[in-house]
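Spelled out from the first residue to the last, the chains are:
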Amino acid sequence: MPLAREAVELLIQAARAWYFEGDRHGLRDREWMALRFLGRANRFSRTPSALAGFIGATRATASQIVKTLETKSYIIRKPSHEDKRSVVLCVTAQGEKCLAQHDPINPVLNAVTALDSEERIRLRDSLREILNQLDATHQRLNASICRDCMFLAERSAPKGRAGTEYTCRLYRAPISPDEIELLCASFERANDRLRVDEPADRMRVASV
Ligand code: SF4
């Protein structure tokens, strides 16, 4: 138990990098969280409602944060290709530059990058396991990446094309290899990846 407590206390100290009073480089901690999320979110999750869910804010608070980020020219609204009534929130080049240069999590990111690859994998897997247990306790879901999502289906590319093709069965849309590592607010954890070219009895039916 003392070891577990020490580890949790260290986590709390690390969290001071991203939870802070006041502002850093003109943004409060939740505004940084929002800009960071929008910089990593996939095309389905760059919406005001997904943003509100991710940062744990009401729609009104999220809308205020969006206005602040727009005023600073870090994000712009564009009409959604998926749903003409919606908008997508896109990080501008200025927003990306701000994240690269001033994001308060950058020192933590650099410290983790400095670990050797096995330590990084162990750290990621341990944190993921802890988060899974918290999710089960609080019955909530966090945004995560397509690669680990139950809705991602993969199959070998048709003859003549190399590699693997991916589809999201929730949004019924193709997912490009570049999008696999982006955050999605509709993510649901998979234990087993569905391959659409596997026999039917191997296929899991998605609850969509
Ligand atoms: S596969 Fe999952 S994570 Fe990826 S877009 Fe679909 S719902 Fe989101």
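Our subject is the structure that appears above.
Report follows, based on the coordinates. Keep in mind the model is a prediction, meaning the values are calculated, not measured.

1. Describing the overall build of the protein
Broken down by element type, the protein carries seven helices and ten strands. A burial count over the protein gives 32% of its 208 residues as buried. Taking as baseline every contact in the protein between residues at least 6 positions apart, the subset at least 24 positions apart corresponds to 55%. Of the roughly 13500 Å² of accessible surface on the protein, a fraction of 54% belongs to carbon and sulfur atoms.

2. Overview of the site of the ligand
Residues in close proximity to the ligand include Asn42, Phe44, Cys146, Cys149, Phe151, Leu152, Cys168, Leu170, Cys184 and Ser186, which together make up its full environment. In terms of residue class, the shell around the ligand is made up of eight nonpolar, two polar and no charged.

3. Quick word on the packing of aromatic side chains
In this structure the tally under the stated criterion is two aromatic pairs. Between Phe37 and Phe54, the ring centres sit 4.3 Å apart and the planes meet at 20°, which makes this aromatic pair stacked. Of this pair, Phe37 sits in helix α2 (residues 29–40) while Phe54 sits in helix α3 (residues 48–55), and the two are 17 residues apart along the sequence. Judged by relative accessible area, Phe37 falls into the buried class, the value being 1%. What makes Phe54 partly exposed here is its relative accessible area of 32%. With centroids separated by 4.0 Å and ring planes inclined at 5°, the aromatic side chains of Phe44 and Tyr171 adopt a geometry described as stacked. Of the two residues, Phe44 is situated in the loop between α2 and α3 and Tyr171 in the loop between β7 (164–168) and β8 (173–175); the sequence distance between them amounts to 127 residues. Exposure remark for Phe44: the relative accessible area of 11% places this residue in the buried category.

4. So, the pattern of salt bridges
Under the definition given, this model contains eight salt bridges. The salt bridge involving Glu70 is made with Arg77; its shortest N-O contact spans 2.8 Å. Classification of Arg77 as partly exposed rests on a relative accessible area of 42%. The closest approach of N and O atoms between Arg124 and Asp125, which form a salt bridge, is 3.1 Å.

5. Focus on a nonpolar patch on the surface
A surface patch of nonpolar side chains, about 450 Å² in accessible area, is lined by Leu11, Leu123, Leu127, Ile130, Leu131 and Leu134. Per element, the largest residue contribution to the nonpolar patch is five residues, and it comes from helix α7 (residues 117–138). Take Ile130: it is sitting in helix α7.

6. A look at the side chain of Ser45
Secondary-structure assignment places Ser45 in the loop between α2 and α3. Classification of Ser45 by relative accessible area gives buried; the value is 1%. There is a polar contact of 2.7 Å between the side chain of Ser45 and the backbone nitrogen of Ala185. Excluding its chain neighbours within four sequence positions, the residues that come into contact with Ser45 are Phe37, Ala50, Leu51, Leu183, Cys184, Ala185 and Ser186.

7. What about helix α4 (residues 59–71)?
Working note: α-helix, 3.6 residues per turn, so residues spaced by three or four point in the same direction. Its 13 residues give α4 an end-to-end C-alpha distance of 18 Å, which sits within 8% of 18 Å, the value for a rise of 1.5 Å per residue. Residues of α4 that are buried: Ala62, Ile65, Val66 and Leu69. Taken end-on, α4 shows its buried residues confined to a sector of 105°, consistent with a single buried face. Residues of α4 that are exposed and angled more than 90 degrees away from the buried face: Ala60 and Thr71. Against β2 (27–28), α2, α3, β3 (75–79) and β4 (87–91) lie the buried residues of α4. Ser73 occupies a position one or two residues after α4 and carries a positive phi of about 65°.

About the thresholds
Residues numbered from 1 in each chain as written. Predicted model: local features only at pLDDT ≥ 70, side-chain atom pairs only at ≥ 80, totals over all residues. Heavy atoms only, no water. Helix = DSSP H or I, 4+ residues; strand = E, 2+ residues; numbered from the N terminus. Buried < 20%, exposed > 50% of the residue type's maximum accessible area, 1.4 Å probe, protein only. Contact = heavy atoms within 4.5 Å. Areas by Shrake-Rupley, 256 points an atom, 1.4 Å probe, with all protein chains shown as cover. Near = heavy atom within 4 Å. Nonpolar A, V, L, I, M, F, W, Y, C, P; charged D, E, K, R; others polar. Phe/Tyr/Trp six-rings, centres within 6.5 Å; stacked < 30°, edge-to-face > 60°. Salt bridge = Lys/Arg side-chain N within 4 Å of Asp/Glu carboxyl O. Patch = residues over 30% accessible without salt bridge, like charges linked within 9 Å, V, L, I, M, F, W, Y side chains within 5 Å. Polar contact = N/O pair within 3.5 Å; in protein donor to acceptor, adjacent residues only side chain to side chain. Expected span 1.5 Å × (residues − 1). Arc of directions from axis to C-beta.

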